[in-house]
Amino acid sequence: MSTKTFPLTKDELEAIAAVFGTPFYLYDEAGIVENAARIFTAFAAFPGYVQHFAVKALPNPAILRLLAGCGMGADCSSLPELLLAAEAGICGEKIMFTSNETPAAEYRTAAELGAVINLDDLTHIDFLEKACGIPPLVSCRYNPGDKKQGNVIIGNPVEAKYGFTREQIIDGFTALRKKGAARFGLHAMIASNELCEDYHIETGRLLFEFAVEIQEKTGIAVEFINIGGGVGIPYRPEQEPFSYEKLAAGLKAAYEEILVPHGLGGVALRTEWGRAVTGPYGWLVARAIHRKAIYRNYIGLDASMADLMRPALYGAYHHITVAGKEDAPLEDVYDVAGSLCENNDKFAIQRRLPAIKTGEADGDLVIIHDAGAHGRAMGFNYNGKLRAGELLLSTDGGRAGGKKTVRMIRRPETVDDYFATLRGLDPTEVIV
Ligand SMILES: *Cc1c(COP(=O)(O)O)cnc(C)c1O
């Protein structure tokens with residue numbers, strides 16, 4: 001079981017809504033910091049351990065700065081993500097640049113920032129050399145093909161576009177060394193939202209064994225092994241939370257068993273989790289403005305799938321509570337809908353909830369849980385929908401007491417933002 005909590009009372013939430021309007025994302029600083037501490041405590045037994053936060057999960061510099069303060073680096077996959085990491089003060093080898101189909105300019109920026117470039121393909125070795133030269137430290141992404149089953153969100157490795165094959169990694173490291181690389185990293189990212197600790201331990205084991213094989217075949221001892229992201233969160237209350245302690249213990253045992261006897265006891269472990277780091281500490285808060293009763297009962301929110309598309313995209317479950325009605329009986333069944341002209345714009349389908357009051361001014365505030373990763377970040381503007389802003393809740397003196405402060409860390413989009421790409425157009429006409 002996992003308990004679904006929210007850090008504010010209904011009155012506090014209404015006070016915030018009165019200033020900033022609805023809908024909005026709210027992130028809980030204390031929750032994020034406590035979770036980061038849990039991760040670093042669990043992995044303290046791995047010298048040189050680095051956790052790179054996957055920027056795509058929550059690309060906000062205020063959050064990245066907070067995570068950097070906890071000791072995290074960043075995992076970036078595009079030019080803007082590199083710039084976000086830099087803006088948050090994360091640079092050098094604390095950045096892992098794991099991109100694919102990468103333009104030369106992005107490799108150049110990554111190299112300028114001193115990021116660890118994680119190549120996605122054998123052909124990218126020459127491409128990188130032409131773009132900015134081969135840096136001393138290079139990492140390669142391994143696609144284990146049929147050696148490992150993927151999971152539902154990310155698909156089967158054999159069908160995945162990412163990474164080098166096993167033989168290509170051996171050839172790639174050899175080629176990189178010839179071109180001047182002296183330090184090497186091995187990376188894989190195979191699963192997404194995987195709650196089974198053993199799955200991630202198996203990924204570690206696979207990479208550890210491969211590192212031994214690489215050493216035997218090329219003489220190269222990798223400096224780090226990055227087991228990727230993909231730790232899941234219990235979106236449903238009946239799911240068990242993930243145990244970092246169990247994962248770390250399993251990885252440590254595999255490390256001692258496989259790497260240490262081959263003289264690879266100095267290899268540093270890296271991870272690049274996004275979802276598990278911030279997901280449970282973010283909520284989308286929207287007001288219930290409409291209700292309708294046709295063949296089903298609907299509650300209409302002032303947010304839409306443009307703010308949070310996971311339910312529409314993957315049929316994902318997000319727990320929903322109603323502010324001030326946390327303990328009320330679940331006496332109604334609703335489809336909770338957004339305003340987009342797509343029938344899959346539903347945050348919940350046939351969900352048992354307390355009776356919900358609707359109204360633009362006095363409707364209930366509906367809290368959509370576990371939206372702190374791959375939430376606002378995946379938003380879009382289809383149908384002229386303007387995305388919600390983001391707020392950060394800070395608690396002086398930690399969760400135990402102190403006063404709560406909420407500040408804006410991203411404003412909501414405006415109509416001007418929507419029109420921005422239609423203004424100031426290049427007047428050139430090309431006659432062909
Ligand atoms: C998306 C992604 C991550 C983060 O995944 P989570 O499921 O959020 O942990 C890490 N690494 C790479 C290469 C990714 O594409």
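From a predicted model like this one, the values you see are computed outputs, not experimental measurements.

Before going further, it helps to spend a moment on the overall build of the protein chain. In terms of regular secondary structure, the protein chain is built from twelve helices and 17 strands. The C-alpha radius of gyration computed for the protein chain amounts to 23 Å, which stays within 12% of the reference 22 Å derived for 432 residues, consistent with globular compactness. Dimensions of the protein chain, computed from C-alpha atoms along their principal axes, come out at roughly 70 × 65 × 45 Å. For the protein chain, buried positions account for 54% of its 432 residues. In the protein chain, the proportion of contacts linking residues at least 24 apart, taken out of those at least 6 apart, comes to 70%. Entry remark: accessible area of the protein chain is about 18700 Å², with carbon and sulfur atoms responsible for 54%. Put simply, the protein chain has 44 plus and 55 minus side-chain charges, and the middle of one group is 1 Å from the middle of the other.

Our focus in this paragraph is the site of the ligand. Taken together, 14 residues form the shell around the ligand, and within it K56, G230, E272, R275 and H374 come nearest. Measuring from an oxygen atom of the ligand, one finds a side-chain N or O atom of K56 at 2.7 Å. Contact distances for the ligand include 3.2 Å between a nitrogen atom and a side-chain N or O atom of D75. Look at the ligand: alone it shows 390 Å² of surface, and the protein chains cover 89% of it. Looking at side-chain class alone, the shell around the ligand contains three nonpolar, six polar and five charged residues.

Attention shifts here to the packing of aromatic side chains. Under the defined criterion, the tally for this structure stands at 15 aromatic pairs. A centroid spacing of 6.0 Å and a plane angle of 70 degrees characterise the contact between F40 and Y49, whose relative ring orientation is edge-to-face. Judged by its relative accessible area of 11%, Y49 is buried. Seen from their ring centres, Y107 and F127 are 6.1 Å apart, and the 65 degrees between their planes marks the pair as edge-to-face. Of this pair, Y107 sits in helix α5 (residues 104-112) while F127 sits in helix α6 (residues 124-132), and the two are 20 residues apart along the sequence. By relative accessible area, which is 0% here, Y107 ends up buried. The class for F127 is partly exposed, based on a relative accessible area of 35%. Here the aromatic residues F40, F43, F46, Y49, F208, F242, Y244, Y255 and W273 are joined through ring pairs into a cluster of three or more. Taking the ring centre of F210 as reference, the NZ or CZ of R166 above it sits at 4.3 Å. The positively charged end of K252 is found above the aromatic ring belonging to F46, 5.1 Å away from the centroid.

Around the barrel, eight strands lie side by side as β2-β3-β4-β5-β6-β7-β8-β9; this closed barrel has parallel pairing. Here the average twist between neighbouring strands, direction ignored, is 25 degrees. Here helix α4 (residues 79-87) sits on the sheet in contact with β3 (73-76) and β4 (95-98), set at roughly 170 degrees to β3.

It is worth spelling out a nonpolar patch on the surface at this point. On the surface, a nonpolar cluster with roughly 420 Å² of combined accessible area is contributed by L386, V415, Y418, F419 and L422. Inspection of the secondary structure puts L386 in the loop between β15 (365-368) and β16 (389-395). Overall, the relative accessible area of 32% leaves L386 in the partly exposed class.

With domains assigned, the protein chain is organised as domain 1 (28-278) and domain 2 (280-407). Here the C-alpha centroids of domain 1 and domain 2 sit 32 Å apart. Opposite the 26 residues of domain 1 that make contact, domain 2 presents 21 residues. The interface formed by domain 1 and domain 2 contains eight residue pairs in polar contact (both at pLDDT 80 or more). For the side of domain 1 that touches domain 2, the elements supplying multiple residues, two or more each, are α2 (29-42) and α10 (275-278).

It is worth spelling out the state of the cysteines at this point. Considering all chains together, one arrives at zero disulfides under this definition. Counting only cysteine sulfurs, C76 is the nearest neighbor of C70, a cysteine outside any disulfide, at a range of 17 Å. Judged by its relative accessible area of 22%, C70 is partly exposed. Counting only cysteine sulfurs, C91 is the nearest neighbor of C76, a cysteine outside any disulfide, at a range of 11 Å.

Relative to the assigned elements, A348 resides in strand β14 (residues 346-353). For the pair formed by A348 and G338, sequence separation is ten residues and the distance between their alpha carbons is 9.9 Å. Excluding residues within four positions of it along the chain, A348 makes contact with I320, Y334, D335 and V336.

The subject of this paragraph is helix α8 (residues 197-218). Since one α-helical turn is 3.6 residues long, residues separated by three or four positions face the same way. The end-to-end C-alpha distance of α8, which contains 22 residues, comes to 31 Å, matching closely the 32 Å that a straight helix rising 1.5 Å per residue would cover. Where α8 terminates, the next one or two residues include G219, which has phi positive at roughly 80 degrees.

Before going further, it helps to examine the pairing of strand β13 (residues 332-337). Examined bridge by bridge, strand β11 (residues 297-301) and β13 share three bridges and lie parallel to one another. Considered in β13, the bridge of I299 is made with V336. Direction of pairing for β13 relative to β14: antiparallel, over a ladder of five bridges. Within β14, the position partnered with D332 by the bridge is L353.

Basis of the calculations
Residues numbered from 1 in each chain as written. Predicted model: local features only at pLDDT ≥ 70, side-chain atom pairs only at ≥ 80, totals over all residues. Heavy atoms only, no water. Helix = DSSP H or I, 4+ residues; strand = E, 2+ residues; numbered from the N terminus. Rg over C-alpha atoms; globule rule 2.2 N^0.38 Å. Buried < 20%, exposed > 50% of the residue type's maximum accessible area, 1.4 Å probe, protein only. Contact = heavy atoms within 4.5 Å. Areas by Shrake-Rupley, 256 points an atom, 1.4 Å probe, with all protein chains shown as cover. Lys, Arg positive; Asp, Glu negative; His and termini not counted. Charge placed at Lys NZ, Arg CZ, Asp CG, Glu CD. Near = heavy atom within 4 Å. Polar contact = N/O pair within 3.5 Å; in protein donor to acceptor, adjacent residues only side chain to side chain. Nonpolar A, V, L, I, M, F, W, Y, C, P; charged D, E, K, R; others polar. Phe/Tyr/Trp six-rings, centres within 6.5 Å; stacked < 30°, edge-to-face > 60°. Lys NZ or Arg CZ within 6 Å of the ring centre and 35° of its normal. Pairing = 2+ DSSP bridges. Axes fitted to C-alpha atoms, helices over the stretch in contact; angles between N-to-C directions. Patch = residues over 30% accessible without salt bridge, like charges linked within 9 Å, V, L, I, M, F, W, Y side chains within 5 Å. Salt bridge = Lys/Arg side-chain N within 4 Å of Asp/Glu carboxyl O. Domains from an automatic or database assignment. Disulfide = S-S within 2.5 Å. Expected span 1.5 Å × (residues − 1).

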